[in-house]
Amino acid sequence: MSDNVESYVLFELADNVYALPSRNVLHIEMFEHVTLVPNANPAIDGVVFSRGQVMPALNLRVRFGLPREKNTVRTRIIFTTIHDRAVGLIVDSAREFRSFPASELRPVEETLTGINDKYLRAVVKLRERVVLILDLEAVLNLNDVQLPSEALTLVENTTSKV
């Protein structure tokens with residue numbers, strides 16, 4: 001009996017392992033530079049130039065309401081596409097490709113992550129780790145960005161100086 005198997009890109013964010021379907025990933029690059037864009041959504045760090053295209057760079061920590069961290073040599077930008085829209089996702093690190101049969105994917109329990117489950121499509125166990133599979137379409141819907149308190153303070157300080 002065959003099972004539908006899909007390939008995923010695994011990455012880390014705040015010590016959790018997440019996955020995106022490989023079919024939505026264009027490529028992965030080291031984080032080098034982001035050009036700030038005035039009045040952008042707080043979760044958008046700016047724009048990046050990659051392979052001849054200018055793309056928005058979405059900070060997944062801010063997107064999920066987690067505190068920002070300083071970028072390191074492990075920080076990566078995962079360039080994704082969905083509905084003909086390309087976006088770079090800033091993550092703590094990108095580690096590997098894995099394939100999971102559809103039969104191993106399980107529904108998400110909200111208490112599992114502390115992150116609103118609307119961003120998650122499923123979970124899967126990989127040895128002793130739990131891998132959270134993102135719903136990319138929900139992640140890229142920026143109408144409900146949750147800001148951590150430090151980001152709200154930064155936004156307030158920035159706007160009060162204008």
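Note that this is a predicted model, so its numbers are computed, not measured.

**Some thoughts on the environment of Ser 50**
So, step 1. Examined against the element boundaries, Ser 50 turns out to sit in strand β4 (residues 44–50).
So, step 2. For the pair Ser 50 and His 27, spaced 23 residues apart in sequence, the C-alpha separation works out to 9.6 Å.
So, step 3. In this view, Ser 50 contacts His 27, Glu 29, Met 55 and Phe 79; residues no more than four positions away in its chain are not counted.
So, step 4. Within the local environment of Ser 50, its side chain forms a polar contact with the side chain of Glu 29, the two groups lying 2.5 Å apart.

**Looking at the sheet that holds strand β8 (residues 93–101)**
So, step 1. In space, the five strands of this open sheet follow the order β8-β1-β2-β10-β9, with mixed pairing throughout. Strands at the two margins of the open sheet, each flanked by one partner only, are β8 and β9 (120–126). The sheet shows a mean angle of 35 degrees between the axes of neighbouring strands, taken without regard to direction.
So, step 2. Across three bridges, strand β2 (residues 16–21) lies against strand β10 (residues 129–134) in parallel orientation. Residue pairing for β10: Val 17 is matched across the bridge by Val 131.

**Quick look at the sheet that holds strand β5 (residues 53–59)**
So, step 1. Spatially, the five strands line up as an open sheet ordered β3-β6-β7-β5-β4, and their pairing is mixed. Two strands in the sheet have a free side with no partner beyond their single neighbour: β3 (25–30) and β4. When the angles between neighbouring strand axes are averaged without regard to direction, this sheet yields 30 degrees.
So, step 2. Summarising the sheet, β3 and strand β6 (residues 76–82) pair through five bridges and their orientation is antiparallel.

**Looking at the pairing of β10**
The side chains of a regular strand alternate between both faces of the sheet.
So, step 1. With respect to burial, β10 is a largely interior element, five of its six residues being buried.
So, step 2. Bridge count for β9 against β10 is six bridges, and the pairing is antiparallel. By the bridge assignment for β10, Lys 125 is matched with Val 130.
So, step 3. Linkage of β9 to β10, two consecutive antiparallel strands, is achieved through a turn of two residues, within which Arg 127 is found at a positive phi near 50 degrees.

**Some thoughts on the confidence of the model for the chain**
So, step 1. In the predicted model, the chain carries a mean pLDDT of 84, and 81% of its residues have values of at least 70.
So, step 2. In the model, residues 146–156 has pLDDT below 50 throughout and makes 15 contacts with residues more than four positions away in sequence or in other chains.
So, step 3. Note that residues 158–162 has pLDDT below 50 and, in this model, zero contacts with residues that lie over four places away or in other chains.

**Some remarks on the packing of aromatic side chains**
So, step 1. In this structure the tally under the stated criterion is four aromatic pairs.
So, step 2. Summarising the aromatic geometry, the rings of Tyr 18 and Phe 64 are spaced 5.9 Å apart at their centres and angled 35 degrees between planes, so their arrangement reads as tilted. You can see Tyr 18 sitting in strand β2 and its partner Phe 64 sitting in the loop between α1 (60–63) and β6, a full 46 residues away along the chain. The same class applies to Tyr 18 as to Phe 64, namely buried.
So, step 3. Among the aromatic side chains, those forming a connected cluster through ring pairs are Phe 11, Tyr 18, Phe 64 and Tyr 119.

Definitions and cut-offs
- Residues numbered from 1 in each chain as written.
- Predicted model: local features only at pLDDT ≥ 70, side-chain atom pairs only at ≥ 80, totals over all residues.
- Heavy atoms only, no water.
- Helix = DSSP H or I, 4+ residues; strand = E, 2+ residues; numbered from the N terminus.
- Contact = heavy atoms within 4.5 Å.
- Polar contact = N/O pair within 3.5 Å; in protein donor to acceptor, adjacent residues only side chain to side chain.
- Pairing = 2+ DSSP bridges.
- Axes fitted to C-alpha atoms, helices over the stretch in contact; angles between N-to-C directions.
- Buried < 20%, exposed > 50% of the residue type's maximum accessible area, 1.4 Å probe, protein only.
- pLDDT = per-residue confidence, 0-100.
- Phe/Tyr/Trp six-rings, centres within 6.5 Å; stacked < 30°, edge-to-face > 60°.

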